[in-house]
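Examining the three-dimensional arrangement
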Amino acid sequence: MAFLVSLISPVFAQSDPIQQDLAGVLKSRGEQLTRADQLVVRLRDTAKKGPVEAQLEVTKAATALGQLADRLQDEGDIMSQLRAIKNAAQVHRDRVQALAKGTISEADRTAVLTKWNALLQQADRAKAKVLTMRDKLLGAITELRVRQVGISEELLAGSYEDAVKSLNQWLDELEKLINDLRASISVPGV
């Protein structure tokens, strides 16, 4: 009996922590979007100030968004965490699958494998969403860089109002993007 418990106890001991790790990674995506929200608010406040402050804040925004995109890249910490979670789930799934017949009931094996398979699928869906999020952020950064040139030119031409209008249009687009990304990560199952 002790032998049997020692064989299956890793399954019960590890599945919740791995599920919690996945939940933590998913939560970190939401935290990143909250930071982006704060950035939008700060930029809107800055746009009400002078041209120099606005240009500095736009540069800081591009840097902050770039850092967020870096965290979401394949070598970034969020994707590394997702890979580690998926690898741990795969190891446990394979271990349960390899247990000799008679070591675990087939009903229990099926139930445990179903749980590990579900966790692997969640990790795959999370990875796809993180990559989509990164691509959209990179697009927003590119658009910001384009707008940054336009804002600079408008400022040189003495049209601060047009520069602020252009910045606010980009901020509206970024805010919509953040809301869309937030909605995509709050979908059940990921």
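What counts and how
- Residues numbered from 1 in each chain as written.
- Predicted model: local features only at pLDDT ≥ 70, side-chain atom pairs only at ≥ 80, totals over all residues.
- Heavy atoms only, no water.
- Helix = DSSP H or I, 4+ residues; strand = E, 2+ residues; numbered from the N terminus.
- Expected span 1.5 Å × (residues − 1).
- pLDDT = per-residue confidence, 0-100.
- Contact = heavy atoms within 4.5 Å.
- Axes fitted to C-alpha atoms, helices over the stretch in contact; angles between N-to-C directions.
- Parallel < 35°, antiparallel > 145°, perpendicular 65-115°, else oblique.
- Left-handed = near helix turned anticlockwise from the far one by under 90°.
- Nonpolar A, V, L, I, M, F, W, Y, C, P; charged D, E, K, R; others polar.
- Salt bridge = Lys/Arg side-chain N within 4 Å of Asp/Glu carboxyl O.
- Buried < 20%, exposed > 50% of the residue type's maximum accessible area, 1.4 Å probe, protein only.

**Some words on helix 4 (residues 106-156)**
Two residues of an α-helix separated by three or four positions point the same way, owing to the 3.6 residues in each turn. A rise of 1.5 Å per residue sets the reference length of helix 4, with its 51 residues, at 75 Å; its end C-alpha atoms lie 74 Å apart and thus fit the reference within 8%. Backbone geometry just downstream of helix 4 places Gly 158 in the positive-phi region, at approximately 85°.

**What about the confidence of the model for the chain?**
Regions with low pLDDT should not have their predicted coordinates read in detail. Mean pLDDT over the chain works out to 78, with 82% of the residues at or above the 70 mark. When mean pLDDT is compared element by element in the chain, helix 3 (residues 77-98) scores highest at 90, while helix 1 (residues 2-47) scores lowest at 62. Every residue in residues 1-14 is under pLDDT 50, and counting partners more than four places away or in other chains gives 13 contacts.

**Topic: the packing of helix 3 against helix 4**
In the contact formed by helix 3 and helix 4, the axes pass within 9 Å of each other and the chain directions differ by 160°. With respect to their mutual orientation, helix 3 and helix 4 come out roughly antiparallel. Here helix 3 runs over helix 4; the crossing is left-handed. Looking at the contact of helix 3 with helix 4 residue by residue, the class counts come to 14 nonpolar, four polar and five charged.

**What to know about the pattern of salt bridges**
All told, the structure shown has six salt bridges when counted by the stated rule. The salt bridge partner of Arg 83 is Asp 74, with a shortest N-O separation of 3.3 Å. Assessed through its relative accessible area of 38%, Asp 74 is described here as partly exposed. Among the salt bridges present, the one from Glu 106 reaches Arg 109, with a minimum N-O distance of 3.2 Å. Of the two residues, Glu 106 and Arg 109 are both situated in helix 4; the distance of three residues between them amounts to about one turn of the helix. With relative accessibility at 5%, the residue Arg 109 sits in the buried group. Look at the salt bridges and you will find they share partners, linking Glu 143, Arg 147 and Glu 173 into a network.

**Quick look at the packing of helix 2 (residues 51-72) against helix 4**
Orientation of helix 2 relative to helix 4, taken along the N-to-C sense of each, is 160°, at an axis distance of 9 Å. In terms of orientation, helix 2 and helix 4 fall into the roughly antiparallel class. Where helix 2 crosses over helix 4, the handedness of that crossing is left-handed. Note on element contacts: helix 4 touches helix 2 through Val 130, Met 133, Arg 134, Leu 137, Leu 138, Ile 141, Leu 144, Arg 145, Gln 148, Ser 152 and Leu 155, opposite Pro 51, Gln 55, Val 58, Thr 59, Ala 61, Ala 62, Leu 65, Gly 66, Leu 68, Ala 69 and Leu 72. Residue composition of the contact of helix 2 with helix 4, grouped by class: 15 nonpolar, five polar and two charged.

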